[in-house]
Structure formats: structure tokens, C-alpha cells
Amino acid sequence: MSPNTQVFVLDCGGQYCHLIARKVREFGIYAEVRPSETPAAEMSGARGIILSGGPSSVYEPGSPTVDPEIFSLGVPVLGICYGQQLMAYLLGGKVLPGEKGEYGLAFLDVDGRGRLLDGVETGQQIWMSHRDTVMVVPPGFAALGHTSTCAIASMADEERRLYAVQFHPEVAHTHPGRRILSNFLNTICGCVQDWDPSQRIPAIEELIRKVVAGRKVFFFVSGGVDSTVAYTLCLRALDPDHVHGAYVDTGLMREGETEFVRENFARLGARHFQVVDAREEFLSPLAGVTAPENKRHIIGEQFVMVQERILQSGHYTDADWILGQGTIYPDTIESGGTKKADLIKTHHNRVAGIQKLIDTGRIIEPLSSFYKDEVREIGRELGISAELLERHPFPGPGLAIRCLCEHTSAPLEKLPDGYLLPVHSVGVQGDSRTYRPALALEEMPSDDIHATELINTIRGINRVVALAGSHAPLAQMHGTNGTITEERLAHLRRVDAIVRRLSHESGFDGKIWQFPVVLLPVGTAARPDSVVLRPIDSVDGMTASAVIMPPELLRQMVAELLAVEGVCAVFYDLTHKPPATIEWE
Ligand code: XMP
């Protein structure tokens, strides 16, 4: 089952590495992500090593580094962004710490092609995101290219097969990116194509039978893509009577969600699948709670209790059962403890209650070496409906983290650029968590550039929204003391269903990665809540950009939302991640 790892991507910063590994796999070449300090000896059989980008500076104490022996293994190495700086720094070049940095589009002037830039025309668009720059290449290296602001945009030592680029070949904005990666993987490393996820199903089924070894499998399913595909694989690989599952209705689900899951599992041929109604158990302890981390904590605790009860009542912790999980590859890396990724939000997915099964090795994770798009491909092969496979991700704590709570009746504070909303939301700045008010602009701008500038200049905010429509001017709106109640959840469900329907009918949902809809306790006495639209594009949720929808769709959406009882205003979130997070809590 496990393919040969031809390429190791060394993780120098927690989030950039996954996109690189996925791009390598798209060439049909199996790549894995490893911690940056992985000893060279463990990678001596590889065909190539890539050093990822990352937010650090090579001069900062404790910044990621690599075993310098990797440069003398004889295995080709490609440094990307921070990876180029690290390569230069470790091999005797000079890196200049930058004050401001260079972010966004640039144009690459090719000075010497070598094998890395073979076929790359000069003047092509590339994507830069860096603070420090390489000023002097190490002995044996030659500069291959520059931009108007970056003297060494690429460098190589052809003899030792060491290559680097300051820009990001893994992103679509870098037009010659695919060509450069192909040059490295195919020409320089001589990788072979041996990775095709759609042909992996028989191998996965064999693995399931081997690990399960005559026992039975129990799943907690969320209704999302991963757990559904993993469950389906087990149903196919094993006797369907030996595959059981439970779905917990927390009362924090979206409109129609529970019915959707029930119908889908019936269609997939699940014979022992139960929907557990635990609404009361989640909603009671959440009453009156406002702090996001407290809400998450309560939900996590309740999950443990409910799951524990289900496990006990079904005797699922007995020796003849093992736990099935829809864990996918990025989950294994993150929970494997990338030290560099700061705690921004507590994710509750790994509850202590199932620890016993995990600790005793009684666990099967059939998708643990696959990325999301590979899981979708497998799902398509299995005949799972596109409606399910194309679903946007939905967070475990559900609508609780989209139903914002705040004890305040304060008015909105007028600032020169707009109004400060009397509610806080979570953000991520410089890899750490912020919890700040959002700025509301009175009108929709034509693009998001202004929003980014505002966050950089106005201290104390981490998010910018624009008023897309309302029943009252911002000056008359105020905080309305909202907490989690059945009534507010019902309103949120209504508005979320409207947004989902219109995005689906217009095809907009296919153009974005996720579309959280948030309820804010801001409005007037008659209409106490406002809606925030948060459509974003992303690759893996680690970074994201706000997406502006077509004006006609927005007009229609706003009109329908303002007709919902209790809704005072509709705001449009214009903020990228970072500095804001995708969800508001
Ligand atoms: P943020 O808001 O941190 O979200 O930018 C990144 C992605 O993670 C999802 N998310 C969660 N998923 N449990 C989950 O299973 C959680 O507690 C949780 N919090 C955020 C979010 O929807 C987005 O896709």
C-alpha cells in the first residue's frame, strides 16, 4: 500500500509545505512532508528534497533549520522562499534581514537558465512573499534570475544539484511555476510517475482488511467528505454488518443537515448507522456563555460525554471493535505536533474519550496518506454523490462558533474610516492569536485592497467588513446582548440556508472554498441581529482570501436576508487570512 516516497518536503513553517507536497503529487510523484530537522540519513534513498517556505528569518534564534548533511547526500535539493535563504545561509552565502519585505506579484528576469529555469521565458509573472533576501550566493552557486526589487530571485549550484527560488513556484500566480517544478522533479531528480490516487482503492481495501483483522469497525461520522469516504471504504472492504456508525445531532447543525446525513448513509448501504439526538446536552451548558474558547471547551466536553456514552452502550470499546476515522494527511501532520504552528483556536476533533482505542492501537484511518482533493477523487470512484463530495468544510463546533455572543449594548463607535463594531472576532497576526473588534465601512468597496490597508494602519482591529444593506444606518445600531439561544440559532439557520441556496443556484459555491455565515448581536431593538457574509477562497484553510461575489447575486442575497425576522443588517467580510481567521471565533 505505502508507495515509495520519492520526494521529501521539509517543513520550515507549518503551512507552506502542504501545497508543495500536493503539487508534487499532481505530477504523479509521491511526496511526504517531514519536520525540517529530519536527519539526512533518513532521506538518503529519496530522489529529491524540497525545503519549504516559512515565516521566520534565518537569523532569529530557534528558527527552523535542516541537517546540513542533506546538501552532501548527492540528492538534488530545491529551496523555496525561506528554503532559499536557509540554503544560502548554511552554505556560506549572505542573507539580508528585511524591514518591509515584498509581497505579491513580481516579474522574473532570467539571467542564466541552467536546468531549473530551462524553458522559462524572461519577464514572466511570479508570486513573492518574503521579508529577508539573499544578497550574496554561496560559493559554487550562480544567480539565475532577479526582479526589480530582489537581486537574487533564484540560484543554483549545478554541480552539486542544489537549486533555490525566492518566489513560490507552487502557487498558480507564478506562471512558470509548473514548468520549474517539472524541471526539478523530472529532469533534475529523475522522478518516476507511480502515484495515482484513483487506482488506490483495491490497495486501501486490502489495508483495511489487514488492520481490522477480523474485528468490527465503529465510526463517529460528521457528514463531511472524509468520514463518509472512509466509512464507504470500510463498508466495501468488510462485511457491512461489521461496520457501525453514529452521527451526533448537537443542535448546532445547519438546516436539513441531519436528514441529509441520514439519507446519504442509507444510500451508501450502511446498515448499522444511528443518529443520536443530543441537542439538549449541548444547548443547555452553552446558555449565557460568550467567550469563544469557553464555547469550544464546553462543546468539546459534551462531545466526550456523548461519545463515551455511545461507545459504552454499544460495547464498542470491547476487544472485538476498532475505531474508524476519516483522518486525512494534513491532520496527521498537524496533530503530530508541528512545534511552529501556534495555537490559534482549540480544535476539538481528538477527544480524550476515544484515546483508549487509539492508545491500544485499535484504530483504522484508511485515508491518512491522502490530501483532500485525492479523497474527493477516491469518493468519485466509489460513486459517492457530487453533492456530498463537493461540500464545503463545516467546523465541528458547528453554528455555535458562527453565532457570536457579547454582553454589550454599546453603540457603534465612529472612526474616520467607518464604525467600530462592539463585537470581537479572532484573528491571526504574526502567527499568534488576536481578539479584536472589526471595522465596518459604510459602503461596499470595488475591491479588497483598501481593507488590507486599513488593518495595517488602524491599531486594534483585525477585520474589516462593509455594509451591504440594512434597515437602519450604522449610527443607529448598537450591541444587543446576544447569547446562544434557540431563537438566534433558528435565525442563523434560516439565513445560512438562504445563502447556501443562492450560492448553489448561481454556481458561486463552486468558485469558493468555504462560505461561513455569521450572526452578530448588533442591530436595533426591533431587529437585534446582523448577518456577516464570509465567502473565501483557500487551498487548505491555513491561509485564505476574501472573495467578492457578483453584484447581482449580492443584491438578491441581501434582499432575501433583510426580509428574515430579526435581521437588521448584512455585512460583507473583506478580510484575508491572515490577518483575520476564516471563522469569526
Ligand atoms: P479558521 O477560522 O481557524 O478556520 O481560519 C480554518 C478552517 O478550520 C475550520 N475550523 C474548525 N474545524 N473544528 C473543526 O473541525 C473546529 O473547532 C474548527 N474551527 C475552525 C474552519 O471552518 C475553516 O475551514
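Residues numbered from 1 in each chain as written. Predicted model: local features only at pLDDT ≥ 70, side-chain atom pairs only at ≥ 80, totals over all residues. Heavy atoms only, no water.

Peer 1: Break down the domain arrangement of the chain for me, citing the residues and quoting the values.
Peer 2: Under the domain assignment, the chain is made up of domain 1 (7–188), domain 2 (197–391) and domain 3 (401–573). A straight line from the C-alpha centre of domain 2 to that of domain 3 covers 30 Å. Facing the 21 residues of domain 2 at the interface are 24 residues of domain 3. For the domain 2 and domain 3 pair, buried surface summed over both sides reaches about 1,800 Å², with 56% attributable to carbon and sulfur atoms. Run the count over domain 2 and domain 3 and you get 1 salt bridge. Summed over the shared surface of domain 2 and domain 3, the result is 4 residue pairs in polar contact (both at pLDDT 80 or more). Every element with two or more residues in the side of domain 2 that touches domain 3 is listed here: α7 (279–286) and α8 (292–313). Broken down by element, the residue count for the side of domain 2 that touches domain 3 peaks at 4 residues, all from α8. (Domains from an automatic or database assignment. Contact = heavy atoms within 4.5 Å. Buried area = accessible area lost by both parts, 1.4 Å probe. Salt bridge = Lys/Arg side-chain N within 4 Å of Asp/Glu carboxyl O. Polar contact = N/O pair within 3.5 Å; in protein donor to acceptor, adjacent residues only side chain to side chain. Helix = DSSP H or I, 4+ residues; strand = E, 2+ residues; numbered from the N terminus.)

Peer 1: Go over the pairing of strand β3 (residues 48–51), please, and point to the residues and values.
Peer 2: By the alternation rule, side chains of β3 split into Gly48 and Ile50 and Ile49 and Leu51, which are all buried. When strand β1 (residues 7–11) meets β3, the two strands line up parallel, connected through 4 bridges. Bridged to valine 7 within β3 is glycine 48. Here 3 bridges tie β3 to strand β4 (residues 77–80), and the two strands are oriented parallel to one another. Looking at β4, one finds that isoleucine 49 is bridged to valine 77. (Buried < 20%, exposed > 50% of the residue type's maximum accessible area, 1.4 Å probe, protein only. Pairing = 2+ DSSP bridges.)

Peer 1: Talk me through the layout of surface pockets; I want residue IDs and the actual numbers.
Peer 2: Size it by volume and the second largest pocket reaches roughly 650 Å³. Surrounding the second largest pocket, 24 residues form its lining, Glu387, Arg391, Arg500, His504 and Asp509 being those nearest its centre. Where the lining of the second largest pocket is concerned, the elements lending two or more residues are α6 (257–267), α12 (386–389) and α14 (486–506). Considering each element in turn, the lining of the second largest pocket owes the most residues, 7 residues, to α14. (1 Å grid on protein atoms, 1.4 Å probe; cavity = no way out; pocket = protein on both sides within 12 Å on 5 of 7 lines; lining within 4 Å. Points joined across faces, edges and corners; volume = space filled by probe spheres on them.)

Peer 1: How would you summarise the sheet that holds β1 if you had to cite specific residues and measurements?
Peer 2: The 9 strands are arranged β2-β1-β3-β4-β11-β10-β9-β6-β7 in an open sheet whose pairing can be described as mixed. The open sheet has two edge strands with one neighbour each: β2 (31–35) and β7 (124–130). The mean angle between the axes of side-by-side strands here comes to 25°, regardless of whether they run parallel or antiparallel. One ladder, built from 2 bridges, connects strand β6 (residues 102–110) with strand β9 (residues 142–146); its direction is antiparallel. Each residue of the ladder has a partner; that of aspartate 109, found in β9, is histidine 146. Running at roughly 155° to β2, helix α1 (residues 16–26) makes contact with β1, β2, β3 and β4 of the sheet. (Axes fitted to C-alpha atoms, helices over the stretch in contact; angles between N-to-C directions.)

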